[in-house]
Amino acid sequence: MENPYRVLGASAPRMLGRRETIARIWTLLEGKTPEHVSVVGPAMYGKSVLLQEVASRYAAGRPGYTTAVYLDMAHRTPDSDVEVRRRFLGKLRRALGELRPEIVEYLSIEDVAPRERLQLVSHELEGKGDTLLVVVDNFDDVLASPGITRELLDDMRMAASRPTLRFVCGSRRPLHELCGADDSHPSEFWKIFHDAPVVVGCFSSGDWQDVLAPFEEANVGLEPGARDEIVRWTGGLPVLAAAFLQALSEGVERGTKVSAEQASRVGERVLDER
């Protein structure tokens with residue numbers, strides 16, 4: 001079968017599982033009183049895959065949202081407030097280019113500071129009744145930069161108080177710890193978010209049907225006990241599950257079935273090799 005599983009790579013792999021997690025985010029974003037959402041989870045647990053999926057689904061528009069932008073702060077991490085704002089302006093240009101070309105013109109006024117340009121655009125979007133979903137990934141990384149100040153977080157909090165922007169922020173540590181970790185970031189930005197973060201952890205029992213769906217799509221069955229072996233060897237840890245299933249998919253032919261013994265042998269091989 002063509003291997004659908006990937007551990008690392010330059011782009012995000014296909015999201016598998018996480019239906020309950022996505023549904024929880026939708027409930028918070030699209031409820032009667034929409035909320036800002038904090039997504040928390042350790043590195044390599046699929047947090048970025050989930051956040052990119054959220055941004056992708058909202059980019060085309062969903063109830064209450066015009067479009068979405070995705071900012072990954074781990075890549076070319078901004079080292080100043082101005083650089084964060086410029087990064088955001090660039091994302092807004094691409095997202096609004098065809099939807100609101102008249103507003104994009106405001107984003108390109110070079111003799112106006114990025115902070116003022118963002119305020120102007122926010123005002124214009126509010127006048128049109130637009131709401132943008134802003135997905136910020138690896139929020140820890142930008143706050144680790146000594147060039148980032150409380151002023152940026154306070155500006156983000158002020159922007160979030162308007163109906164034009166709604167945030168989904170992904171981080172390894174809870175936002176209340178990040179925003180008050182030291183004297184440089186004693187902001188109450190974290191208080192705008194729903195009080196219970198959406199936690200990205202190991203795959204739950206409800207995730208496995210979707211995680212194993214590529215086998216069914218390739219007409220490859222799992223004999224009784226094979227799924228139990230997969231869960232036993234990986235513990236539901238996403239990066240380990242991807243490595244295990246990538247190895248299991250190698251050499252499996254369409255129309256065949258995977259036995260528990262075969263799955264266990266793959267587990268031993270992955271343990272040695274990976």
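Up top is the structure.
Novice: Requested: an account of the overall build of the protein, with residues and values cited.
Specialist: For the protein, the count of helices and strands is 13 helices and seven strands. The principal-axis extents of the C-alpha atoms in the protein amount to approximately 65 × 40 × 35 Å. Sorting the 274 residues of the protein into buried and exposed places 46% on the buried side. Once local pairs closer than 6 in sequence are excluded, the contacts in the protein between residues at least 24 apart make up 75%. In the form shown here, the protein has an accessible surface area of approximately 13,700 Å², with 49% of it arising from carbon and sulfur atoms. Here the protein contributes 34 positive and 42 negative side-chain charges, whose respective centroids are spaced 2 Å apart.

Novice: Account for the packing of helix α3 (residues 81-96) against helix α7 (residues 150-160), with residues named and values stated.
Specialist: Between α3 and α7, the least distance of the axes is 9 Å, while the angle of their chain directions is 35°. On α7, the residues that touch Asp81, Val84 and Arg85 of α3 are Glu151, Leu152 and Asp155. Residues that form the contact of α3 with α7 fall into these classes: two nonpolar, no polar and four charged.

Novice: Quick one: what's the story with the nonpolar core, residue by residue and with numbers?
Specialist: Counting 35 residues, the largest nonpolar core has Phe88, Leu92, Val134, Phe139, Phe167, Cys169 and Phe189 as its most contacted members. Discounting residues that sit within four places of it in the chain, valine 134 has contacts with Val69, Leu71, Phe88, Leu165, Arg166, Phe167 and Val168.

Novice: An account of the environment of leucine 125 is requested, with residue identities and associated values reported.
Specialist: Along the chain, leucine 125 falls in helix α5 (residues 114-128). A C-alpha to C-alpha distance of 40 Å links leucine 125 and tyrosine 5, two positions 120 residues apart in sequence. When residues no more than four places from it in sequence are discounted, the contact partners of leucine 125 are Leu96, Ile103, Asp130, Leu132 and Thr164.

Novice: Give me the sheet that holds strand β2 (residues 67-72): which residues, what numbers.
Specialist: Taken in spatial order, the five strands of this open sheet run β2-β3-β4-β1-β5, and their pairing is parallel. Both edges of this open sheet fall to β2 and β5 (198-199), since each of them pairs with a single strand only. Each of β2, β3 (132-137) and β4 (165-171) touches α3; the most contacted strand, β2, lies at about 145° to it.

Novice: How would you sum up the environment of valine 198? Please name residues and give values.
Specialist: With respect to the helices, strands and loops of the structure, valine 198 is situated in strand β5. Classification of valine 198 by relative accessible area gives buried; the value is 5%. Each C-alpha atom of the pair valine 198 and arginine 24 lies 7.5 Å from the other, and the pair is 174 residues apart in sequence. Residues in contact with valine 198, not counting those within four places in the same chain, are Thr21, Arg24, Ile25, Leu28, Val37, Ser38, Val39 and Val40.

Novice: Which residues make up the layout of surface pockets, and what are the values?
Specialist: Taken as a whole, the largest pocket encloses approximately 1,100 Å³ of empty space. Around the largest pocket, the lining comprises 44 residues; the ones closest to its centre are Ala12, Pro13, Ser48, Val49 and Gln52. Listed by contribution, the elements that provide at least two residues to the lining of the largest pocket are α2 (47-59), β2, α3 and α12 (238-249). Looking at which element gives the most residues to the lining of the largest pocket, the answer is α3, with six residues. One number sums up the size of the second largest pocket: a volume of about 520 Å³. Of all the secondary structure elements, the ones that give two or more residues to the lining of the second largest pocket are α3, α5, β3, α6 (139-143), α7 and β4. Of all the elements, α5 adds the most residues to the lining of the second largest pocket, at seven residues.

Novice: Give me the lowdown on the pairing of β4, citing residues and values where you can.
Specialist: Along β4, seven of the seven residues are buried, which leaves the element largely enclosed by surrounding structure. Along β4, one buried face is formed by Leu165, Phe167, Cys169 and Ser171 and the opposite face, lined by Arg166, Val168 and Gly170, is buried too. As paired elements, strand β1 (residues 37-40) and β4 share four bridges and run parallel to each other. Paired with valine 39 across the bridge in β4 is glycine 170.

Novice: Any chance you could break down the pairing of β1 for me, citing the residues and the numbers?
Specialist: Side chains Val37 and Val39 project from β1 onto one buried face, and the interleaved Ser38 and Val40 project onto a second face that is buried too. By the bridge criterion, two bridges tie β1 to β5 in an arrangement that is parallel. Note on β5: the bridge partner recorded for valine 40 is valine 199.

Conventions and cut-offs
- The residue numbers shown here count from 1 along each chain, following its written sequence.
- In keeping with the model being predicted, local features are shown solely for residues with a pLDDT of at least 70 and side-chain atom pairs are shown and tallied solely at 80 or more, while totals for entire chains, interfaces and linings include all residues.
- Each side-chain value is derived from all of the structure's non-hydrogen atoms; neither hydrogens nor water enter the calculation.
- Helix numbers and strand numbers start at the N terminus; a helix is a DSSP run of H or I with at least 4 residues, a strand a run of E with at least 2.
- For the exposure calls, accessible area comes from a 1.4 Å probe over protein chains only, and a residue counts as buried if that area is under 20% of its type's maximum, exposed if over 50%, partly exposed in between.
- In this analysis, two residues are considered to be in contact whenever any of their non-hydrogen atoms come within 4.5 Å of each other.
- Accessibility throughout is a Shrake-Rupley quantity obtained with a 1.4 Å probe, and a residue counts as covered only by protein chains that appear here.
- Asp and Glu count as negative and Lys and Arg as positive, but His and the ends of the chain are not part of the count.
- For the purpose of locating charges, the reference atoms are NZ of Lys, CZ of Arg, CG of Asp and CD of Glu.
- In this description, a line fitted to the C-alpha atoms serves as the axis of each element, helices being fitted only across the stretch in contact, and the angle between N-to-C directions of two axes falls anywhere from 0 to 180 degrees.
- Any residue outside Ala, Val, Leu, Ile, Met, Phe, Trp, Tyr, Cys, Pro, Asp, Glu, Lys and Arg is labelled polar, Gly included; the first ten of those are nonpolar and the last four are charged.
- Only buried residues count toward a nonpolar core, which is a set of Ala, Val, Leu, Ile, Met, Phe, Trp, Tyr and Cys residues joined through side-chain atoms within 4.5 Å.
- In this analysis, strands are considered paired if DSSP registers two or more bridges between them.
- Computed over the protein atoms alone on a 1 Å grid, cavities are sets of points where a 1.4 Å probe fits but cannot get out and pockets are open sets with protein on both sides within 12 Å along at least five of seven lines; a residue lines them when it has an atom within 4 Å of a point.
- Grid points are joined across faces, edges and corners, and a volume is the space filled by probe spheres set on the points.

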